[in-house]
Each structure stands twice: as C-alpha cells, then as structure tokens.
Amino acid sequence: MDLVRDKVAGALHDALQQAKQKGLLTIEPFPIVSLDLPKRPEWGDLATTVAMTLASAEKRSPHDVAQIILDNLSSHTAVFDRVEIARPGFLNMTIKRNLWLEVLSEIAAQGQAYGRCDLGQGRRVLVEFVSANPTGPLHVGHGRGAAVGQALSNLLRAAGYDVVTEYYVNDAGRQMKLLGASVYARYLERHGRPVTFPEDGYRGSYIVQVADLVQERLGPVLLDLPAEQAEERCREMAAEHMLELIRQDLARFGVAFDSWFSEASLVNTGLVERVLDELRTRGLLFEEEGALWFRSSAFGDDKDRVVRKREGEWTYLASDIAYHRDKLMRRYDLLVDVWGADHHGYIGRMEATVQAYGHPKERLRVVLVQMVNLLRGGKKVEMSKRAGEFITMREVMDEVGADAAKFFFLMRRSDSHLDFDLDLAKQQSAENPVYYVQYAHARLSSVFRIAEERGIPVPQPHEANLDLLRDPDELSLIRKLSDYPSVVQGSAAALEPHRITFYLQELAGLLHTFYYKHRIMPVVVEDEPSEDRFATAGERVIKQRESVTPELTAARLVMMQQVQQVIKNGLSLLGISAPDRM
RNA sequence: GCGCCUGUAGCUCAGUGGAUAGAGCAUCAGCCUCCGGAGCUGAGGGCCACAGGUUCAAAUCCUGUCAGGCGCACCA
C-alpha cells in the first residue's frame, strides 16, 4: 500500500476503534476499509464506503455511521484537510497537501524499489511459461506468452515473492517423432528418393532448412541407415536445433529462463512411473478397457482421464502429472502456469493433480493467454499452422522491435483476444502507446540534459521548497505517483500485468499535459512580443507568461525526477526499456 | 449436446459491489517565436447483449435466453 493510503487507512482504523470503545458502534467483525479514488474532483482525494457497509449490521443509517466515524476522526488534522459525508454515506476525504508532497521524498528515497511490497512475504513461486514444443520456431502467440510470463515474474518479484522462471520442454512423445519423420522425409527428397510425407508432418519451410543442416553435418550417411534410426538422428538434431533457435529468439526478446525442464528426463528416469505408482497406491488409478485411468473426477474434473494408452504408451497427461508432482516436490508455495487459451480444458486435470497430491487447488494458478490477431493495413494476416504458414515471433520483433511488441502484448487482459496492429506498432507518434510512454521518459531526460547545460542543479527533495507545488496539474501528477504501489500490488495479486500498461499511459498523459501547459525552467531569452499577438489565444498566453522562479524550477525538477523514476520502474516491470533519447 | 471464456462509444478495449460508466483510435474543430509537436486543447458519440433475481447500492454477484470464440482424443 502506498504512503497516503497507509496513513488514511490508519486514521480511519483509529476512528473506528475509538467509536467502538465509546460504545457508539459495535463493529463486529471489523470491516476492511476500502479506499477508492473518487471520479469527481469535488469528492476529494480518497473516498471510503465503510459507513455503508457497516450500516445494516449497526442498524443505523449509513449517514449516521459516517457521522460517528467523522466525529472520531477529527483529531487527525495532520492527515486530512477536509472530510465530508456525501449522499448515501460516502466519506469523502481531502488529504493535506503536505502529505502528498511527502510522496516525492518517498520515491526519491526508494528509487528503483519504489512500488515494491511484501505481499508475497518471500513465498516461493515457480512461473512456467512459453514451453513451446521444440518442433518449430516460436510464433506470435508464444511471444505474447513470453511477454506475459516475464511481466508476471517481474511483478511477483516486486510484490515480495521469491520467483523462479521455467520453460518446460516437450521433447518426448509423438510430436517429436513427427518432427524427426518430417525432417527425414525432406532429407530423402533432397537425395531424390521417393517419399510419402508423413500425414500430420510439419510442412514449414524451416523443416527443409533442418534437413539441409543434417545433410551438411552428416552427409548422405543416413541413407544407409534403417529408417527408424535415421529418423531418430533427424529428431535429435532437429530438437537441438529448434531449441537453440527458440533460446535465441527469447534472448533477443529479452526473456531468459532460470531453468529449462526436459520432459524426456521425466520419462527416461522413470519418474513418470514412480509418480503414478504413488497415485495407484492411493487408489486413484484404475484399469478399464485395457487403459490406465486417473480418477480426476474425484477432484472436480469433468471426467476421468487416461494416463496410459491400451498400447502401453504414456499419454501427455502422464508426464504432465509427473512434471507438476515434481514442481510440488521442489517445495514451491505457488505454481503459476501460463498457457495458451486453447488448453483451458486442461485446467481441471491439473487442479485435480495438485489436489491428488494433497495440496489445495489454489496452489496452482493458470493464466490463460488468448490468441493474437495480426493486422496489417487494417486487415487480418491469415495464418495456418497446418500449412506451416504463420508469422513467427522473430518476424514481429524484426518488424516492430521487442519493446513495442511487449507493450502491445501486455495492453489487454491476457485472456482476451488481442488485435496487434503491426502498422501502429511501428508508427512513431502519439497514436502508438509505446512511444507515448517512452517519449515521456525521454522527454524528461532531455529536460535534465538541458538543465545540466544551463548549470541548473537538480536538487534532492529536502533541498527544494516543495510547498511551491500547488497547481492542480502538479497535484494530479503527484497523486498518480502516489497510486503506483497500490497498482503494482493489485496487478501482482490478480496476475494482471496489463494494469501496469494502463497506469503508465495515464501517467505519461498527465506528464505530457503538464509539460505542455507549464514550464519547468525559465525561458532563456525573454523576447517581448512587440504586439500581443497571443492576446486572443486563451491558454497559450498563460504558458507564454508563466514566470518560473528558480525556487519553482527546483521544486518542479524534483517532481519530474520522481515522475521519470516511476515510469522507469513501471516499464522495467514490463521488461521494456526506458530510453533517454529516441 | 456438455464445459470454459467473451458480449461496455463507429473500432480496439479498461473498469477490485458504490456516486453522473472511462481511455485510446477514428470523426470533427483548434494549437508550434517556447525545456523534444514522437506533444497539447476541445466537441460529438452509450438501454454496459437481453430478461429476471440478490443488495441500501449491480456493467460488476446469481439464474435463464441470445450471439461470438475455444475446448470436449487412449493428440500435444
């Protein structure tokens, strides 16, 4: 919680406590005091609905309850300028300006740490994301998953969690076999051998490239091997190659993982069998029609699920159960899985798994990432995975850059469809929200550069007379800065990084408005216009003539430094750079 | 047929049970002798899909209906 909210909540808490002691209110149980930002300026800086929520239990009108709270609040003159009761029973509070100004010192003192909180209390959380099969290059959807996963990890870390990121590599099973077979087929084609391409094989052009690579490294030796062995060689080389490409793409995107976890390692070490034995001894597995089933319906899943097929092969679910069991054994307090939305049917299964091992289902939180529609020239770019025609993450990065891509991926709630306008993302103007926010940061860097050139010092908060900051535009900026820690906390708690993008756009907007209407440093040359040609231009006259004293410049520079700090902190949560020049 | 998600301004979307529902884009009307115009100001635009219910209070919670998306494999 932020500085101002903290004090206000404390004051309200005291008032309620006092009223209770005096027997004016029973207050049982003690309510959570909500603090909302009112929509209209005349409703003050903060509002609480606590009187209305208490009213029915107290058997009094909301207004009466509000009055009692107000009466017991009067001692807190250091916090409130004015507290008013509004219609049903809102308490509208106007906060002392001094308290708002303290926010600036707070930010200056905390710097990069401003916005962090202890929501997580050091609890260990594993964030698993991307986890794309190494059967091809990452596509746009994976890019969104990467952006969301990274932002979530940063957010949780800022909220006091001990975060580890992990990529689960699906390097076992049918898809990998198909990959090997597809590459082998292209390899044979290259040598003019007759082939029938595998029915569900991978048809992308990158498969041909892998086949070329195989040829380059091994030459024609595979032609003499039995098909099965040759395919396996192809599979190994292809998997290795693909994973390397994926790593490179992610690195260029600025996303690194603490850990890469191989599915094959689960199968090969026999962990899958051991883990399932554990379930069997607890009566959670049963055989039917020759297959082995997991009784997931006992834990709220729609139906039971097969873990071993009649032919004796493990299903994908089996290794996923083992994988999640392994994560739980690694003693994480919270598992966050970022999945493509088309996997949503899987949630019930995994929740059942977590519960089957004796954990509450809340220990697993699945964040679904919806599809991305790419738009170019206002038209949807068609993609077909089957034909191997899809826009890769690399292409998007090449076209718009990693920063813009991340910002766009994080502009919407992750579980809603995203229209990604490639033309807009490249555009360098106010219509492009990425530039809008980054520009605010660069603009301030420029201000500080010019201050330096002119020999104007940028003071520490205690060196400036912050009391000079009293313009409404200044106060709305400061209030916004003050709100930042609450936004971070809410965003982390809800696992919704898009809230940060919205916040940053709002903050940048306030900065740009302020910047246009006011001056930070005095005009260098005060040329008197010979005739007052701006006399009719309304607002502009104000700006032209706003005289800025050195003291006001100092105060505003302090404020601007904190604005810049918060923009930087926010962008860094999103994994986006905060440029000094653009 | 069953399940999950989504229906909010022309478009894309925010909106932690609270007051007269917001933003960006688009449209229209304006603004550069000035620290970066990559910017700013203003206007119009809404039966929050529909119908019930819970509540002092519903876009928000519940039920139903309609529409869209996605799942419903001994695929991954």
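This text goes with the structure placed above it.
What you see is a predicted model; the values in this text were computed from it and never measured. (Residues numbered from 1 in each chain as written. Chains lettered and ligands numbered in written order. Predicted model: local features only at pLDDT ≥ 70, side-chain atom pairs only at ≥ 80, totals over all residues. Heavy atoms only, no water.)

1. Here's the deal with unusual backbone geometry
In plain terms, the rule: The numbering of helices and of strands both runs from the N terminus, where a helix is a DSSP run of H or I of at least 4 residues and a strand a run of E of at least 2.
Backbone geometry at K59 places phi at a positive 55°, although glycine is not the residue there. Mapped onto the elements, K59 comes out in the loop between α2 (50-58) and α3 (62-73). Here the phi dihedral of R331 falls at roughly 65°; this positive angle occurs in a residue that is not glycine. Within the secondary structure, R331 sits in the loop between α11 (316-329) and β10 (334-340).

2. Digging into the side chain of H512
Operational definition: Exposure categories follow from relative accessible area, calculated using a 1.4 Å probe and restricted to protein chains: below 20% of the type maximum is buried, above 50% is exposed, and the middle band is partly exposed. Residues count as neighbours in contact if any of their non-hydrogen atoms are within 4.5 Å of one another.
With respect to the element layout, H512 can be found in helix α18 (residues 498-517). Judged by relative accessible area, H512 falls into the buried class, the value being 11%. Sequence-distant contacts of H512, that is, excluding residues within four places in its chain, are made with Y436, Y439, A440 and R443.

3. A short note on the pairing of β10
Put simply, the test is: When DSSP finds two or more bridges between two strands, those strands count as paired.
With 6 of 7 residues buried, β10 is to be regarded as a mostly interior element. Sheet topology note: the strand β4 (residues 124-128)/β10 ladder contains 4 bridges and is parallel. Following the sheet pairing, L126 is matched in β10 by L335. Where β10 lies against strand β11 (residues 364-369), 6 bridges are found, and the strand directions are parallel.

4. Points about the packing of aromatic side chains
Let me state the cut-off plainly: The rule is short: rings of Phe, Tyr and Trp, with Trp giving its six-membered ring, pair when the centres are within 6.5 Å, and they are stacked under 30 degrees, edge-to-face over 60, tilted in between. Working rule: Lys NZ or Arg CZ, within 6 Å of ring centre, within 35 degrees of ring normal, means a charge sits over the ring.
This model, assessed by the stated rule, comprises 15 aromatic pairs. The interplanar angle of 25° and the centroid separation of 5.1 Å between the aromatic rings of F408 and F420 together place this pair among those described as stacked. Placement of the pair is F408 in helix α14 (residues 402-409) and F420 in strand β14 (residues 418-421), with a sequence separation of 12 residues. For the pair F408 and F420, a shared accessibility class is recorded, and that class is buried. Cluster of aromatic residues (ring-pair linked, three or more members): F129, Y167, F257 and W260. For the cation-ring pair, R308 lies above W314, with the distance from its terminal atom to the ring centre recorded as 5.7 Å.

5. Side note on the sheet that holds strand β2 (residues 80-86)
Defined as follows: Interaxial angle, 0 to 180 degrees, is taken between N-to-C directions of lines fitted to C-alpha atoms, where a helix line uses only the stretch in contact.
Pairing in this open sheet of 3 strands is antiparallel, and the strands run β1-β3-β2 from one edge to the other. Unpaired on one side and paired on the other, β1 (46-48) and β2 mark the two borders of the sheet. Taking each pair of neighbouring strands and ignoring which way they run, the sheet shows an average axis angle of 20°. In this sheet, strand β3 (residues 90-95) lies alongside β1 in antiparallel orientation, the contact comprising 3 bridges. Note on β3: the bridge partner recorded for L46 is M93.

6. Some details on the side chain of R5
Relative to the helices and strands, R5 is located in helix α1 (residues 3-21). With a relative accessible area of 11%, R5 lands in the buried category. Ignoring any residue separated from it by four or fewer positions in sequence, one finds R5 in contact with L35, L37, L46, D483 and S486.

7. Topic: the packing of helix α5 (residues 140-158) against helix α17 (residues 472-494)
Two measures define how a pair of helices packs: the angle their axes make with one another and the distance between the axes. Let me state the cut-off plainly: We call two directions roughly parallel when the angle between them is under 35 degrees, roughly antiparallel when it is over 145, roughly perpendicular when it lies between 65 and 115, and oblique otherwise. Less than a right angle of anticlockwise turn of the near helix away from the far helix marks a crossing as left-handed, whereas a clockwise turn marks it as right-handed. In this classification, the charged set is Asp, Glu, Lys and Arg, the nonpolar set is Ala, Val, Leu, Ile, Met, Phe, Trp, Tyr, Cys and Pro, and all remaining amino acids, among them Gly, are polar.
Between α5 and α17, whose axes approach to 9 Å, the crossing angle comes to 120°. Taken as axis vectors, α5 and α17 run oblique relative to one another. The handedness of the crossing between α5 and α17 is left-handed. Judged by residue contacts, L155, L156 and A158 of α5 engage V488, S491 and A492 from α17. For the contact of α5 with α17, the per-class residue count stands at 5 nonpolar, 1 polar and no charged.

8. Looking at the pattern of salt bridges
Definition in use: Any carboxyl oxygen of Asp or Glu within 4 Å of a side-chain nitrogen of Lys or Arg constitutes a salt bridge here.
In the structure shown here, the tally under the stated rule is 27 salt bridges. In this structure, R330 engages E166 in a salt bridge whose closest nitrogen and oxygen atoms are separated by 2.8 Å. Of this pair, R330 sits in the loop between α11 and β10 while E166 sits in strand β5 (residues 162-169); the two residues are 164 residues apart in sequence, bridging distant segments of the chain. Judged by its relative accessible area of 25%, R330 falls in the partly exposed class.

9. Some details on the sheet that holds strand β7 (residues 285-288)
Read across the sheet, 3 strands follow the order β7-β8-β9 without closing on themselves; strand pairing throughout is antiparallel. Each edge of the open sheet carries a strand with a single partner, namely β7 and β9 (305-308). Between one strand axis and the next, the sheet turns by 45° as a mean value, whatever way the strands run. With 4 bridges connecting them, β7 and strand β8 (residues 291-294) associate as antiparallel partners. Residue F286 lies in a different strand from β8, and its bridge partner there is W293. Helix α10 (residues 271-281) rests against β7, β8 and β9 of the sheet, and its axis sits at about 90° to β7.

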